[in-house]
Structure formats: C-alpha cells, structure tokens
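Structural overview
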Amino acid sequence: MKVLVTVKEVAEVADDFEISGTEVDERYLEYDLNEWDDYAVEEAVQLKEDGPAEEVVTVTIGPERSEETIRMALAKGADRAVRVWDDALEDVDMLDVETKTNLLQAVVEEEDPDLVLTGVQSGDDSLGATGVSLADELGFQWGAVVNALDYDADENVAHVHRELEGGVEELTDIDLPAVLTIQTGINEPRYASLRGIRQAQSKEIAAKSLADVGLDADAVESDLTLTSMYEPESESDAEIFEGDASETAGQLAEVLREKGVAE
C-alpha cells in the first residue's frame, strides 16, 4: 500500500509585525510544517511501521524555500517528496480550493496511492475544504475530521472515527482508495531524530512544474483576490486594578456592587 500525504508550509507571524501592501513583511515571518499535516504525516509513518504501508510520499505546493519544511516530514519517516511550483504561481495572490485541488489531483493521479491523508485545515487560510474537494475530483471515498484510524488489510478498508458536531463521534468503514482528513489529537507526532534529519538530506524531493504534471497556466487561475490586509483594532472594556491585594479586592468589590452582583 502506498500512502500519499499532502503537506503545507505555513507562516507564523511574530507578536509585533508590520504589513507591507497586502502581505506581512517577510522579516516578521517564520515558516513551519502545518500543525494538522504533522499529524497526517505521523499517521502515515505509523501505517508503514505497523506493516500495511510500504511507502509514504508527501506532496506540497510551494517554492524552493519550502524544501526545508518538507525535509522535516522526510526526517520523521516519509520516504520521498514531491514539490509542485511554477512561475505562473508566483503572481497568484491566494490559491483557492479549486486551484489546490487541480494541482494535487495531478500528482495523486501520477503517484496512484491507495490512501491520501491531508490535514483537516491549514493554520493560515483555514479553508478546511481541500481534502474533501480532492476526493470528489478523484472519485475516491472520503472521511473528514478523522481522529482514529485502523486499516484492515484483508478487506482493504479503513475503520475510522470521525469527529462530528457537539462532541458526537461516528464510526464508519471506508473502502480504499480514499482520502482522509486528519484531525489533531489522533496521535502524538514524533520529533525528528538526529539520524532522521541526516537521512532526510539524501531523500528525494522531486520538483515539478505545471508542465511536468500535465497542467497549464489556466489550471491556476484563482477566483480569490487579496484586496487588503490590516491589523484589526482591539477593543476592550477591561478595567485594570492597581495596588496591593487588599486595595484591588476593595476596588473589585465596589465594581461588583455597582453592577448589582454583590451588596
């Protein structure tokens, strides 16, 4: 069984930052593997360690800079990686779900995996729809917000727990090939060992252009346009009491009396 995991590099913004045009200035950004994807990678690696999976491949959409992040997934046990990028993507303000689906679909069809794992959402745009959209385009069965997974090799079925609204969980069987979106908490992602980090340096990261995956510039025409970016104003009615414990306690008691909470 081959497992393909979609991974994304996301930017983390410093506490104090500046906005330049429609972007946060690069000086205030640090990049890391998307939290939800980290759990998906761990789940795939466990499937390999436990026997059902023979190969774990990651795929990401991102520039050459993202290879440092991709190598973290390789260091944790993925066997190789595919990175899709093209000059046509440079000028796209924000990749919408359809565009991501087109790019990932092309790689999935080329790799022909039995199981595709994605994170439930990403920590930057939080759209939370790419995994299910990908399954729809591929014609695969799917399960969203999966927080427990058990693969039955004899029946080629994934027994999954899905997290639903209101704390309700659903237990369902999904025939492979399938796409599962993985929720945080399904496992405990490992830290990359020193040995794993060294081995990751020699693992393959195949860089592919649109032409390499059989697409053209029309496939990345996004319907989303980023028109502005600003830091929202913070409004607060909080009142800060100053002084020692007895003074602040007295001030709090006075406020509570004024509000009719205490007498």
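Keep in mind that what you see is a predicted model, and the values were worked out from it rather than measured. Here the residue numbers are simple positions, counted from 1 along each chain's written sequence. In keeping with the model being predicted, local features are shown solely for residues with a pLDDT of at least 70 and side-chain atom pairs are shown and tallied solely at 80 or more, while totals for entire chains, interfaces and linings include all residues. With hydrogens and water set aside, each side-chain value is computed from the structure's full complement of heavy atoms.

1. Some words on the overall build of the protein chain
Selection criterion: Secondary structure elements are defined from DSSP: runs of H or I of at least 4 residues count as helices, runs of E of at least 2 residues count as strands, and each element is numbered from the N terminus. Each residue is assigned to one of three classes by its accessible area relative to the maximum for its type, calculated with a 1.4 Å probe on protein chains only: buried under 20%, partly exposed between the two thresholds, exposed over 50%. We call two residues contacting when some pair of their heavy atoms lies within 4.5 Å. Residue burial considers only the protein chains on display, and all accessible areas are found by Shrake-Rupley using a 1.4 Å probe. Positive charges are assigned to Lys and Arg, negative charges to Asp and Glu, while His and the chain termini are left out of the count. A charged residue contributes its charge at one atom only: NZ of Lys, CZ of Arg, CG of Asp or CD of Glu.
Tallying secondary structure elements over the protein chain gives 7 helices and 13 strands in all. When its C-alpha atoms are laid out on the principal axes, the protein chain stretches across 70 × 45 × 40 Å. Within the span of the protein chain, comprising 263 residues, buried residues form 42% of the whole. Sequence-distant contacts in the protein chain: of pairs separated by 6 or more residues, those separated by 24 or more amount to 69%. If you sum the accessible surface of the protein chain, you get close to 14,900 Å²; carbon and sulfur atoms cover 43% of it. One finds the centroid of the 18 positive side-chain charges in the protein chain at a distance of 8 Å from the centroid of its 67 negative side-chain charges.

2. Some points on the environment of alanine 249
Among the structural elements, alanine 249 can be located in helix α7 (residues 245–258). For the pair formed by alanine 249 and asparagine 156, sequence separation is 93 residues and the distance between their alpha carbons is 64 Å.

3. Considering the sheet that holds strand β1 (residues 2–6)
For the record, the criterion: Only strands joined by at least two bridges in the DSSP assignment are considered to pair. Lines fitted to C-alpha atoms define the axes here, with helix axes fitted over just the stretch in contact, and angles between the N-to-C directions of these axes take values from 0 to 180 degrees.
The strand order across the open sheet formed by 9 strands is β11-β10-β9-β12-β8-β1-β6-β7-β13, and the pairing between neighbours is mixed. The open sheet terminates on both sides in strands that have one partner only, identified here as β11 (169–175) and β13 (205–208). Geometrically, the sheet is characterised by an average inter-axis angle of 35 degrees between neighbouring strands, direction not taken into account. Across 5 bridges, the pairing between strand β8 (residues 115–119) and strand β12 (residues 178–182) is parallel. Each residue of the ladder has a partner; that of leucine 117, found in β12, is leucine 180. With respect to the sheet, helix α1 (residues 35–50) is in contact with β1, β6 (55–61), β8, β9 (141–152) and β12, its orientation differing from that of β8 by roughly 150 degrees. Taken strand by strand, helix α2 (residues 67–75) contacts β6, β7 (80–84) and β13, and its axis lies near 155 degrees from that of β7.

4. Some thoughts on the packing of helix α4 (residues 97–111) against helix α5 (residues 130–138)
The geometry of a pair of packed helices is captured by two quantities: the angle between their axes and the separation between those axes. So the rule is basically this: Note on angle classes: values under 35 degrees are labelled roughly parallel, values over 145 roughly antiparallel, values of 65 to 115 roughly perpendicular, and the remainder oblique. Put simply, a crossing is left-handed when the front helix is turned counterclockwise from the back one by less than a right angle, and right-handed when it is turned clockwise. In this classification, the charged set is Asp, Glu, Lys and Arg, the nonpolar set is Ala, Val, Leu, Ile, Met, Phe, Trp, Tyr, Cys and Pro, and all remaining amino acids, among them Gly, are polar.
Where α4 meets α5, the axes come as close as 9 Å, and the angle between the chain directions of the two elements is 55 degrees. Between α4 and α5, the angle falls in the class oblique. Judged by the sense of rotation from one axis to the other, the crossing of α4 with α5 is right-handed. Where α4 abuts α5, its residues Val97, Lys100, Thr101, Leu104, Gln105, Val108 and Glu109 lie against Thr130, Ser133, Leu134, Glu137 and Leu138. Looking at the contact of α4 with α5, its residues break down into 5 nonpolar, 4 polar and 3 charged.

5. Here's the deal with the packing of aromatic side chains
The following threshold applies: Think of it this way: a Phe, Tyr or Trp ring, Trp meaning its six-membered ring, pairs with another when their centres are within 6.5 Å, and the plane angle makes it stacked under 30 degrees, edge-to-face over 60, tilted otherwise. We call a charge positioned above a ring when the Lys NZ or Arg CZ atom is no farther than 6 Å from the ring centre and deviates by at most 35 degrees from the ring normal.
For the structure on display, the rule yields 0 aromatic pairs. One residue, arginine 65, lies across the ring of tyrosine 31, its end atom 3.9 Å from the ring centre.

6. Some thoughts on the environment of tryptophan 85
Positionally, tryptophan 85 belongs in the loop between β7 and α3 (87–90). On the basis of relative accessibility, which here comes to 21%, the residue tryptophan 85 falls in the partly exposed class. C-alpha separation for the pair tryptophan 85 and leucine 134, spaced 49 residues apart in sequence, amounts to 18 Å. Discounting chain neighbours no more than four positions away, the residues touching tryptophan 85 are Ile61, Gly62, Pro63, Glu90, Lys208, Ser209 and Leu210.

7. Digging into a negative patch on the surface
For clarity, the cut-off: By definition, no residue in a patch forms a salt bridge, and every one has over 30% relative accessible area; like charges are joined within 9 Å, nonpolar side chains (Val, Leu, Ile, Met, Phe, Trp, Tyr) within 5 Å. Any carboxyl oxygen of Asp or Glu within 4 Å of a side-chain nitrogen of Lys or Arg constitutes a salt bridge here.
There is a patch of like negative charges on the surface, built from Glu98, Asp136, Glu137, Asp216, Asp218, Glu221 and Asp223. Along the polypeptide, aspartate 218 turns up in the loop between β13 and α7.

8. Here we look at the side chain of arginine 162
Selection rule: What qualifies as a polar contact is a pair of N or O atoms within 3.5 Å, subject to a donor-acceptor requirement within protein and to the restriction that residues adjacent in sequence count only when both atoms come from side chains.
Structurally, arginine 162 can be placed in strand β10 (residues 157–163). Arginine 162 sits in the buried class, given a relative accessible area of 16%. One polar contact links the side chain of arginine 162 to the main-chain carbonyl oxygen of alanine 144, over a distance of 2.8 Å. Those residues in contact with arginine 162, other than ones at most four positions away along the chain, are Trp142, Gly143, Ala144, Val145, Val146, Asn147, Val168, Glu169, Glu170 and Thr172.

9. Description of the pairing of β9
The two faces of the sheet receive side chains in turn, since in a regular strand these alternate between them. Of the pairings in the sheet, the one linking β9 to β12 comprises 4 bridges and is parallel in character. Residue pairing for β12: glycine 143 is matched across the bridge by leucine 180. With 6 bridges joining them, β9 and β10 adopt antiparallel strand pairing. Its bridge partner lying in β10, aspartate 150 is registered against histidine 159. Hairpin connection between β9 and β10: a loop of 4 residues separates the two successive antiparallel strands, and asparagine 156 in this loop has a positive phi of roughly 55 degrees.

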